[in-house]
Amino acid sequence: FRPGQVLFGKRRAYQRKVAVADFEGVCSSDIYVFEPKDDRLLPELLPFLCQTEAFYEHAVGTSAGSLSPRTNWTQLANYEFTLPPLEEQSRILDVLSTSDDVCNTYRACLDSAYALRASIRATEFDPARHDFFPLSDLCGPSGIQIGPFGAQLHQSDYLEHGIPVVMPADMIDEQISLAEIARVGEMKAQELAHHRLKPGDILLPRRGELDRRALVDEQSEGWLCGTGSIRVRVLEAISSQSVVHALSSVHSSRWLQGNAVSTTMPNLN
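Quick caveat, the model's predicted, so the values are computed rather than measured.

Visitor: Just to check I follow, could you spell out a nonpolar patch on the surface for this structure?
Guide: On the surface, Tyr 106, Leu 110 and Tyr 114 cluster together into a nonpolar patch covering about 290 Å² of accessible area. Of the residues examined, Leu 110 reaches a relative accessible area of 30% and is grouped as partly exposed.

Printed below as a string of structure tokens:
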């Protein structure tokens with residue numbers, strides 16, 4: 001592929017993997033390389049076309065295979081779309097490009113805000129400035145609870161619709177992401193009632209990436225703490241948001257990593 005060409009992942013098209021190459025290279029057999037064949041389509045507009053819902057629906061709908069579905073070139077090449085005149089394409093491109101610039105600026109602002117937050121946490125929760133005391137002192141008798149074991153929650157229990165089960169992978173930007181969350185039926189959720197979540201609960205991973213966090217809000221009430229997760233429920237007099245800030249500091253993350261068992265997959269008991 002060459003700079004300016006569009007790369008599209010044909011395997012698991014629902015993952016929406018599209019990129020514009022800015023260097024020359026060689027791609028795998030699971031990637032299609034697109035470029036306009038003539039001057040009827042502006043090259044800069046092609047990546048936007050490949051990110052439309054209609055294109056993704058066609059790619060997913062023409063994919064074959066159960067474990068790793070792929071769309072083939074013959075069927076993908078049959079995708080049809082409305083193509084305005086070049087003058088209209090230029091106007092559309094201007095609007096989309098400006099929107100992209102706004103999104104990129106917004107992401108840069110967010111990155112700066114996250115960096116500032118991390119710096120404040122590192123300063124305010126510096127162990128050299130405060131006394132140590134156990135997390136359990138902030139919690140009731142069952143305030144720290146690990147998620148269900150594998151014997152309690154099997155792969156066959158998961159459904160397309162139902163009660164969300166929060167795994168470490170669902171803890172993104174200190175919130176619970178529903179993008180790829182697992183779910184179980186109400187009956188299984190009742191069996192695991194001990195692991196139901198309440199607003200103000202704090203979730204941490206028990207293994208793997210130990211720096212993830214999530215604060216449970218009212219929308220997530222009644223969901224389940226999943227396998228591989230730890231639920232922390234502080235006393236009512238304690239601010240759970242403050243505890244999240246403390247647990248998310250670089251000092252706490254280092255402590256958890258240093259006290260985790262095993263080298264291949266760090267694990268907290």
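Visitor: Explain the sheet that holds strand S13 (residues 214-215) to me, please; I cannot follow it from the model alone.
Guide: In any sheet, the strands associate via hydrogen bonds between backbone groups, in a parallel or an antiparallel arrangement. Pairing is antiparallel in the open sheet, where four strands are placed in the order S6-S15-S12-S13. The open sheet has two edge strands, strand S6 (139-146) and S13, and neither has a second partner. Sheet topology places S6 next to strand S15 (residues 229-234); four bridges connect them, and they run antiparallel. Each residue of the ladder has a partner; that of Ile 146, found in S15, is Ile 230. The strands touched by helix H6 (residues 240-247) within the sheet are strand S12 (202-205), S13 and S15, with S12 carrying the most contacts at an inclination of about 20 degrees.

Visitor: Hey, could you run me through the pattern of salt bridges in this one?
Guide: Close approach of charged atoms allows side chains with opposite charge to pair. Scanning all chains against the criterion turns up 14 salt bridges. Arg 16 serves as the salt-bridge partner of Glu 53, at 2.7 Å between the closest nitrogen and oxygen. On the criterion of sequence distance, the pair formed by Glu 53 in helix H2 (residues 53-61) and Arg 16 in the loop between strand S1 (6-9) and strand S2 (18-20) is long-range, its members being 37 residues apart. What makes Arg 16 partly exposed here is its relative accessible area of 40%. Arg 196 is the salt-bridge partner of Glu 186, the closest N and O atoms lying 2.8 Å from each other.

Visitor: For this particular structure, what's the right way to read the sheet that holds strand S14 (residues 224-225)?
Guide: Read across the sheet, four strands follow the order S7-S11-S8-S14 without closing on themselves; strand pairing throughout is mixed. Looking at strand neighbours, the two that pair on one side only are strand S7 (158-159) and S14, the edges of this open sheet. Strand direction decides the pairing type here: S7 and strand S11 (residues 182-184), joined by two bridges, are antiparallel. Bridge pairing in S11 places Tyr 158 opposite Val 184.

Visitor: Can you walk me through the packing of aromatic side chains in this structure?
Guide: For any two aromatic rings, the description comes down to two numbers: the centre-to-centre distance and the angle of the planes. With the rule as written, the count across this model stands at ten aromatic pairs. For the pair Tyr 32 and Phe 34, a centre-to-centre distance of 6.4 Å together with 20 degrees between the ring planes defines the contact as stacked. We classify Phe 34 as buried; its relative accessible area is 9%. Arranged with centres 5.4 Å apart and planes meeting at 85 degrees, the rings of Phe 55 and Tyr 79 form a pair that is edge-to-face. Here Phe 55 is found in helix H2, whereas its partner Tyr 79 is found in the loop between helix H3 (73-76) and helix H4 (86-124), with 24 residues between them in sequence. Across this residue pair, the class does not change: Phe 55 and Tyr 79 are buried. Connected via pairs of aromatic rings, a cluster forms that spans Phe 8, Tyr 32, Phe 34, Phe 55, Tyr 56, Trp 73, Tyr 79 and Phe 81.

Reading the values: rules and limits
Residues numbered from 1 in each chain as written. Predicted model: local features only at pLDDT ≥ 70, side-chain atom pairs only at ≥ 80, totals over all residues. Heavy atoms only, no water. Patch = residues over 30% accessible without salt bridge, like charges linked within 9 Å, V, L, I, M, F, W, Y side chains within 5 Å. Areas by Shrake-Rupley, 256 points an atom, 1.4 Å probe, with all protein chains shown as cover. Salt bridge = Lys/Arg side-chain N within 4 Å of Asp/Glu carboxyl O. Buried < 20%, exposed > 50% of the residue type's maximum accessible area, 1.4 Å probe, protein only. Pairing = 2+ DSSP bridges. Helix = DSSP H or I, 4+ residues; strand = E, 2+ residues; numbered from the N terminus. Contact = heavy atoms within 4.5 Å. Axes fitted to C-alpha atoms, helices over the stretch in contact; angles between N-to-C directions. Phe/Tyr/Trp six-rings, centres within 6.5 Å; stacked < 30°, edge-to-face > 60°.

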